[in-house]
Amino acid sequence: MITGKQSISFENPPYILAYASIVGQKEGEGPLGSCFDIIEKDPMVGSPNWEEAESALQKRAALTALEKAGLKPEDMRYLFSGDLLGQIIASSFGMLDLKIPMFGLYGACSTAGESLSLASMTVAAGYADYALAVTSSHFASAEKQFRYPLEYASQRPLSTTWTVTGSGAFIVGKQGNVKITGITTGKMVDYGIKDSMNMGAAMAPAAADTIYAHFTDFGRTPDDYDLIVTGDLGLVGRELLLDLLKQKGFDLTEKHFDCGIAIFDDATQDTHSGGSGCGCSAVTLAGYLLPKLESGEFKRIFFMPTGALLSTVSFNEGQSIPGICHGVVLEH
C-alpha cells in the first residue's frame, strides 16, 4: 500500500458513502448555487455570534450526511474534523452533541483533504466501518480572526480571496459509488511569502510540490485524470501553479480546476481572486464534484485542497506563510 515517498495506494479502497453541503447566501447566489444541499440565508444561523454560527453549519452538514446514509452518529467509529478558528472551536463545539470519538485537525484550508485522507486510512486499515470527515469556514469568523473586524470596512486588494461560508461532511465506509483509491500527503513548503492578503501565492508552491510528488509516486501524468482539483488558489495562485509545474515538465492548463475560482462569479459578486477557507473545497466537492463522479461523468479526479499555515501571532511577529496541500484520488 505504501507508494513512493509520500503516497498510499489502497489495496481495498474505502468509499465515500454519503456527503452533504451547506453554504451561505452569497455562495448560493454563485455559479454552483443549485448544487448545494442547503443554502442558509441567515449569516448568524440563529446564533448569537459568528463562531457559534459556524459550529451550527458544521453540525447541520454532518447530520444531513448521516441522514442521507441512513446512519446515526453512534454508527460512526471516528470523527475527523477541523476548521480555521483558534483551537478549532467551530468543530469542537459544533460536533459536541454528536458524541463521536474525535480527532481534531488543523490543516488550514487543506483540512478537507487531510480529514478525508485520515478517514480513508482508518477504514482501509480495518479500524472503522464508518468514519465521518467534516470541515467548515465562515466569512465573518475568519475575517474577525485573521484580518480586520467587518466594522472596520478595510479595502481588500485584488489578490485577496473571499472566505466561503459553508461546511462539507463526508461519510467514509466500505461501500458506495465513489472510491478513494489513493492519497498523497503534502509537505510544508515555504517560499517566504508574507502577504496575508495573497493566500494564492503562499499556497501555490505547496500545491505544485504535492502534484509533482503524486505524479512521481504513481507514475502518472495529467492525462490520467479528468480533473486536477485545487482547493482555493484563486486566480493569482492558479497562474503561479501552472508556471511552477511547467518548469517540472507538466502542463495542467486543460486539466486544472480550482474550487475557489468556480464557487464565485467575480464579475457580479466582487470577490476579486476567488473563494477560500476550509469550506470552499469541501462544499464544492460535496455539491459539484462528487455527483459527477457518482454518475460516471468523471472517472477519476485528484482532489487536493491547499492550506496557508499562519496565525495572527506568527503574522504579527513577521513570520512567512508556509503552505501545505493534501491530495486524495477519487474514482467512479
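Residues numbered from 1 in each chain as written. Predicted model: local features only at pLDDT ≥ 70, side-chain atom pairs only at ≥ 80, totals over all residues. Heavy atoms only, no water.

> With reference to specific residues and values, describe the overall build of the protein.
Summing up its helical and strand segments, the protein has eleven helices and 17 strands in all. Against the 2.2 N^0.38 benchmark of 20 Å for 332 residues, the protein shows a C-alpha radius of gyration of 18 Å, consistent with a compact globule. Each principal axis of the C-alpha atoms in the protein carries an extent, and together these give about 50 × 50 × 35 Å. Going through the 332 residues of the protein one by one, you find that 61% of them count as buried. (Helix = DSSP H or I, 4+ residues; strand = E, 2+ residues; numbered from the N terminus. Rg over C-alpha atoms; globule rule 2.2 N^0.38 Å. Buried < 20%, exposed > 50% of the residue type's maximum accessible area, 1.4 Å probe, protein only.)

> Summarise the environment of threonine 284; cite the residues concerned and give the values.
Secondary-structure assignment places threonine 284 in helix H10 (residues 278–295). Sequence-wise, threonine 284 and glutamine 175 are 109 residues apart; in three dimensions their C-alpha atoms are separated by 22 Å. Every residue in contact with threonine 284, bar those within four places of it in the chain, is listed here: Leu32, Phe36, Phe257, Cys259, Ile263 and Leu289. Of note is the side chain of threonine 284, whose polar atom sits 2.8 Å from the backbone oxygen of cysteine 280. (Contact = heavy atoms within 4.5 Å. Polar contact = N/O pair within 3.5 Å; in protein donor to acceptor, adjacent residues only side chain to side chain.)

> Any chance you could break down the pairing of strand S3 (residues 15–24) for me, citing the residues and the numbers?
Counting buried residues along S3, eight of its ten residues qualify, which places the element largely inside the surrounding structure. Across two bridges, the pairing between S3 and strand S10 (residues 178–184) is antiparallel. Following the sheet pairing, tyrosine 15 is matched in S10 by lysine 179. As paired strands, S3 and strand S4 (residues 38–40) are joined by three bridges and run parallel to one another. When the sheet's bridge partners are listed, isoleucine 22 is paired in S4 with isoleucine 38. (Pairing = 2+ DSSP bridges.)

> So what about helix H7 (residues 234–247)? Which residues, and what values?
In this model H7 runs 20 Å from its N-terminal to its C-terminal C-alpha over 14 residues, within 8% of the 20 Å that 1.5 Å per residue would give. If you check which residues of H7 are buried, you get Gly234, Gly237, Arg238, Leu241, Leu242, Leu244 and Leu245. Take H7 and look down its axis: the buried residues cluster within an arc of 165 degrees, on one side only. Looking at the buried residues of H7, the elements they touch are helix H6 (199–218), strand S11 (227–230), strand S12 (256–258) and helix H8 (259–263). Taken from the residues just after H7, glycine 249 is the one with a positive phi, measuring 95 degrees. (Expected span 1.5 Å × (residues − 1). Arc of directions from axis to C-beta.)

> Give a description of the side chain of serine 81 that names residues and reports values.
Along the chain, serine 81 turns up in strand S5 (residues 78–82). Side-chain polar atoms of serine 81 contact the side chain of glutamine 58, separated by 2.5 Å. Excluding its chain neighbours within four sequence positions, the residues that come into contact with serine 81 are Gln58, Ile88, Ser91, Met95, Met102, Phe103, Gly104, Leu105 and Val134.

> Just give me the short version of the nonpolar core, but keep the residues and values in it.
Counting 44 residues, the largest nonpolar core has Leu116, Leu290 and Leu330 as the members making the most contacts within it. For this core, the leading source of residues is H10, giving eight residues. Among all residues touching leucine 330, those that are not within four sequence positions of it are Ile16, Val178, Lys179, Ile180, Leu285, Leu290, Leu293, Lys299, Arg300, Ile301 and Phe303. Formed by 26 residues, the second largest nonpolar core is a distinct cluster that contains Tyr225, Phe302, Met304 and Ile321. (Core = buried A, V, L, I, M, F, W, Y, C linked by side-chain atoms within 4.5 Å.)

> Can you explain the packing of H6 against H7? Please cite residues and give values.
One can describe the packing of H6 onto H7 by two numbers: an axis separation of 8 Å at closest approach and a directional angle of 35 degrees. As for the relative orientation of H6 and H7, their crossing is right-handed in sense. Mapping the contact onto sequence places Gly200, Ala201, Ala204, Pro205, Ala207, Ala208, Ile211 and Tyr212 in H6 and Gly237, Leu240, Leu241, Leu244 and Leu245 in H7. Among the residues making up the contact of H6 with H7, the classes are represented as eleven nonpolar, two polar and no charged. (Axes fitted to C-alpha atoms, helices over the stretch in contact; angles between N-to-C directions. Left-handed = near helix turned anticlockwise from the far one by under 90°. Nonpolar A, V, L, I, M, F, W, Y, C, P; charged D, E, K, R; others polar.)

> Give me the side chain of glutamate 51: which residues, what numbers.
On the secondary structure map, glutamate 51 appears in helix H2 (residues 50–69). Beyond its immediate sequence surroundings of up to four residues, glutamate 51 is in contact with Leu85, Ile89, Ser141 and Lys144.

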